[in-house]
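What follows is each chain in one-letter form.
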Amino acid sequence: MSGIGPKIKKVHIKVGSLFTIQGTSTQEYCIFNAVSSNHPAYLTSHQWIAGIHYDTEIQVGNILEIDDGRKMLVVSLTPDVFKNAVTEYKGGLIETNKIIQIKRAERTRDVLTGVYDTVWNIIASDVDAVAIDSGAGRIASEKVFGMIVEHDLTLFVASEHGVKLKDRITIGTDNYEIIEKSGFQTGGVDL
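Caption draft 1: Broad picture of the overall build of the protein chain. A count of helical and extended segments in the protein chain gives two helices and 14 strands. For the protein chain, the proportion of its 191 residues judged to be buried stands at 32%. Here the analysis covers contacts within the protein chain between residues at least 6 apart in sequence; of these, 50% occur between residues at least 24 apart. A total accessible area of about 11,700 Å² is found for the protein chain, and carbon and sulfur atoms account for 52% of it.

Caption draft 2: Structural context of the nonpolar core. Core analysis: the biggest nonpolar cluster contains 14 residues, and F19, F32, I58, L64 and L93 have the highest contact counts within it. Of all the secondary-structure elements, those providing two or more residues to this core are β1 (17-21), β2 (27-34), β3 (47-53), β4 (63-66), β5 (71-82) and β6 (85-95). With three residues, the top contributor of residues to this core is β3. Excluding residues that lie within four positions of it along the chain, I58 makes contacts with F19, I21, E28, I52, L64, V74 and L77. Counting 12 residues, the second-largest nonpolar core is a separate cluster that includes A129, L155, V157 and I178.

Caption draft 3: Seen up close, the sheet that holds β1. Within the closed barrel, the six strands sit side by side as β1-β2-β3-β6-β5-β4. Their pairing is antiparallel. The sheet shows a mean angle of 45° between the axes of neighbouring strands, direction not considered. Across three bridges, the pairing between β1 and β4 is antiparallel. The residue bridging F19 from the neighbouring strand is I66, located in β4.

Caption draft 4: The pairing of β5, seen in detail. When β4 meets β5, the two strands line up antiparallel, connected through three bridges. Bridge pairing links L64 to M72 in β5. Two successive antiparallel strands, β4 and β5, enclose a turn made up of four residues, where G69 displays a positive phi of approximately 100°. Once β5 ends, the chain turns through two residues before running back antiparallel as β6, passing K83 with a positive phi of about 50°.

Caption draft 5: Geometry of the packing of aromatic side chains. All chains considered together, the criterion is met by one aromatic pair. A cation over a ring is seen here: R70 above F32, with NZ or CZ 5.7 Å from the ring centre. Above the face of the W48 ring, R70 is positioned so that its terminal group lies 5.2 Å from the ring centre.

Caption draft 6: How the structure looks around the sheet that holds strand β7 (residues 98-109). Strand order across the open sheet formed by six strands is β13-β12-β7-β8-β11-β14, with antiparallel pairing between neighbours. Sheet topology places β13 (174-177) and β14 (189-190) at the edges, where each strand pairs with a single neighbour. Inspection of the sheet shows β7 paired to strand β12 (residues 168-171) by four bridges, in the antiparallel sense. Across the sheet, the residue bridging to I102 is I169, located in β12.

Caption draft 7: Examining unusual backbone geometry more closely. The backbone phi angle of K83 is positive, close to 50°, even though this residue is not glycine. Tracing the backbone through its elements, the reader meets K83 in the loop between β5 and β6. Of note, N84 is a non-glycine position whose phi angle comes to about 65°, a positive value. The residue N84 is located in the loop between β5 and β6 in this model.

About the thresholds
Residues numbered from 1 in each chain as written. Predicted model: local features only at pLDDT ≥ 70, side-chain atom pairs only at ≥ 80, totals over all residues. Heavy atoms only, no water. Helix = DSSP H or I, 4+ residues; strand = E, 2+ residues; numbered from the N terminus. Buried < 20%, exposed > 50% of the residue type's maximum accessible area, 1.4 Å probe, protein only. Contact = heavy atoms within 4.5 Å. Areas by Shrake-Rupley, 256 points an atom, 1.4 Å probe, with all protein chains shown as cover. Core = buried A, V, L, I, M, F, W, Y, C linked by side-chain atoms within 4.5 Å. Pairing = 2+ DSSP bridges. Axes fitted to C-alpha atoms, helices over the stretch in contact; angles between N-to-C directions. Phe/Tyr/Trp six-rings, centres within 6.5 Å; stacked < 30°, edge-to-face > 60°. Lys NZ or Arg CZ within 6 Å of the ring centre and 35° of its normal.

As C-alpha cells, this is what we get:
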C-alpha cells in the first residue's frame, strides 16, 4: 500500500498498547485516548477513542482484550482518509464492566395435563458487556405504603449474541428483562 498508513501502523506498534480480538488469535496495537463527555458517569470515565492501524481486522461489536487486562467493546469504527487511502481508523470503545448470561423463554405444553411450562434456555454465557444504571434511585411512583424505585439499565452487547425483546439478562444474581431495544443501534452492537 502506498500512502502514510504503513508509517502510522509502525508508530502504533512502537508506542501503542497490544490487544487481542476476543475469540481469535489476532493481535494488533492501537493508541488510546480518553473521551470527555457529559454522558452518565460510567461512560464519561470509561469511554475511549483508539487510533487503529489502516489494515485492522477489528469490526464493530468485537471485544478487545488489552494487554493490561481491560476489555473494551468496539462501538464504532471510522476511517481517516488522506489522498483516497485509509491512513488509520478511529475506534469508539467502551470498557466492559459486566459478564452476563442471556436466556430465552421456551413454552412447552404437557400433552397429558395441558399445563404450560416455561423453560429458560441459556443462549449465551460469559458475555462481556457494558451495563449502566442510568436511573438509579429515581422514584417512579409513591403509594401510601411505600414507593416503587425505577432503574433504567442500559446494556451494550455485541450483536452476534442476538439479544431479543423479552430475553432475560443475568448479571451475577440479578435478573433483568429486555423490554426495549434502542432504535439508534450501530451495526455490530445492540443497546
